[in-house]
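Summary of the model geometry
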Amino acid sequence: MGWIGETIDSIKSLQIRHVLSQAVSLGMIVTSALIIWKGLMCITGSESPVVVVLSGSMEPGFKRGDILFLHMSKDPIRAGEIVVFNVDGREIPIVHRVIKVHERQDTGEVDILTKGDNNFGDDRLLYAQGQLWLQRHHIMGRAVGFLPYVGWVTIIMTEKPIIKYILIGALGLMVITSKD
């Protein structure tokens, strides 16, 4: 009957106590992951301590699928730094380099202009309508490190949701049917 038949027989033979035990274990794994994520948020000062590069706008420095590690400190943002920012009206954050910083003398606020390394012009077309500069509250963090290509898993699961559902289903089935 093969692997599928054995899996079905395994599911049929499960006892309620074993199923509950596996469900609690799965819940603990998910809870641990959330606690780690929240801990990273506190340590890095960034609302999203890890992001995936989704486009080629920062090539050759960062390629699509690279994972960036972010940190947000109180230090002033300087031209040349790579930042991740949110734009009003857009859900997906953008990874680009700061090309110009302007400090207002009257208020002390800082205006920031960004550009993708692989783009011809600055990002003013990406900003919200009528917005010419980013402010500090738009910045999610500064890139402090990266892992090449590891983010492709996220990109593939986002672009092809069926793969995500198959993977989650297979992992759930493995957890439920394991004999430990």
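By convention here, each chain's residues receive numbers from 1 onward along its written sequence. Totals for whole chains, interfaces and linings use all residues, but because this is a predicted model, local features are given only for residues with pLDDT of at least 70 and pairs of side-chain atoms are given and counted only at 80 or more. Where side-chain values are given, they derive from all heavy atoms of the structure, hydrogens and water being excluded.

How we decide: UniProt positions are given in the numbering used here, feature names are shortened, and annotations may be inferred rather than shown by experiment.
Per an unreviewed UniProt entry, the chain goes by Signal peptidase complex catalytic subunit SEC11 and derives from Nelumbo nucifera. Of the comments in the UniProt record for the chain, the one headed Catalytic activity (unreviewed entry) reads "Cleavage of hydrophobic, N-terminal signal or leader sequences from secreted and periplasmic proteins." UniProt, in its Function (unreviewed entry) section for the chain, records the words "Catalytic component of the signal peptidase complex (SPC) which catalyzes the cleavage of N-terminal signal sequences from nascent proteins as they are translocated into the lumen of the endoplasmic reticulum. Specifically cleaves N-terminal signal peptides that contain a hydrophobic alpha-helix (h-region) shorter than 18-20 amino acids."

1. A few points about the overall build of the chain
Let me state the cut-off plainly: Going along the chain from the N terminus, every DSSP run of H or I of four or more residues is numbered as a helix, and every run of E of two or more is numbered as a strand. We compute the radius of gyration from the C-alpha atoms alone; for a globule the expected value is 2.2 Å times N to the 0.38, where N is the number of residues. Only protein chains enter the calculation, and the probe is 1.4 Å; a residue is then buried if its accessible area is under 20% of its type maximum, exposed if over 50%, and partly exposed in between. Working rule for contacts: check all heavy atoms of both residues, and any pair within 4.5 Å makes them a contact.
Secondary structure summary: the chain contains four helices and six strands in total. Beginning at the N terminus, the succession of helices and strands in the chain can be written as α-α-β-β-β-β-β-β-α-α. Over its C-alpha trace the chain gives a radius of gyration of 22 Å, far above what one expects of a compact globule, namely 16 Å for 180 residues. Dimensions of the chain, computed from the C-alpha atoms along their principal axes, are close to 75 × 30 × 30 Å. Considering the chain as a whole, with its 180 residues, one finds that 28% of them fall into the buried category. For the chain, the proportion of contacts with a sequence separation of at least 24, taken over those separated by at least 6, is 56%.

2. As for the environment of Gly151
Looking at the secondary structure, you find Gly151 in the loop between strand S6 (139–147) and helix H3 (152–159). Those residues in contact with Gly151, other than ones at most four positions away along the chain, are Val52, Gly65 and Ile67.

3. Things to note about the nonpolar core
Here is the rule we go by: To define a nonpolar core, start from buried Ala, Val, Leu, Ile, Met, Phe, Trp, Tyr and Cys residues and group those joined through side-chain atoms within 4.5 Å.
One finds Ile77, Phe85 and Ile139 to be the most contacted residues of the largest nonpolar core, which totals 13 residues. Mapped by element, the contributors of at least two residues to this core are strand S3 (82–85), strand S4 (94–103) and strand S5 (110–115). Setting aside anything within four residues of it in sequence, one finds Ile77 in contact with Met72, Val83, Val98, Val101, Ile112, Arg136, Ile139 and Arg142.

4. Looking at the UniProt feature "domain: Peptidase S24/S26A/S26B/S26C" (unreviewed entry) in the chain
Feature annotation in UniProt places "domain: Peptidase S24/S26A/S26B/S26C" (unreviewed entry) on residues 38–107, given in this structure's numbering. Helix and strand shares over residues 38–107 are 10% and 31% respectively, and the end C-alpha atoms of the span are 33 Å apart.

5. Here's the deal with the pattern of salt bridges
Opposite charge on two side chains allows them to pair when their charged atoms are near. This is how the line gets drawn: Salt bridges, as used here, are contacts in which a Lys or Arg side-chain nitrogen is within 4 Å of a carboxyl oxygen on Asp or Glu.
Under the definition given, this model contains five salt bridges. Arg97 serves as the salt-bridge partner of Asp117, at 2.8 Å between the closest nitrogen and oxygen. Of this pair, Asp117 sits in the loop between S5 and S6 while Arg97 sits in strand S4, placing them 20 residues apart in sequence. Looking at Asp117, the relative accessible area reads 31%, which means it is partly exposed. When salt bridges with common partners are traced through the structure, they connect Arg104, Glu109 and Asp111 into a single cluster.

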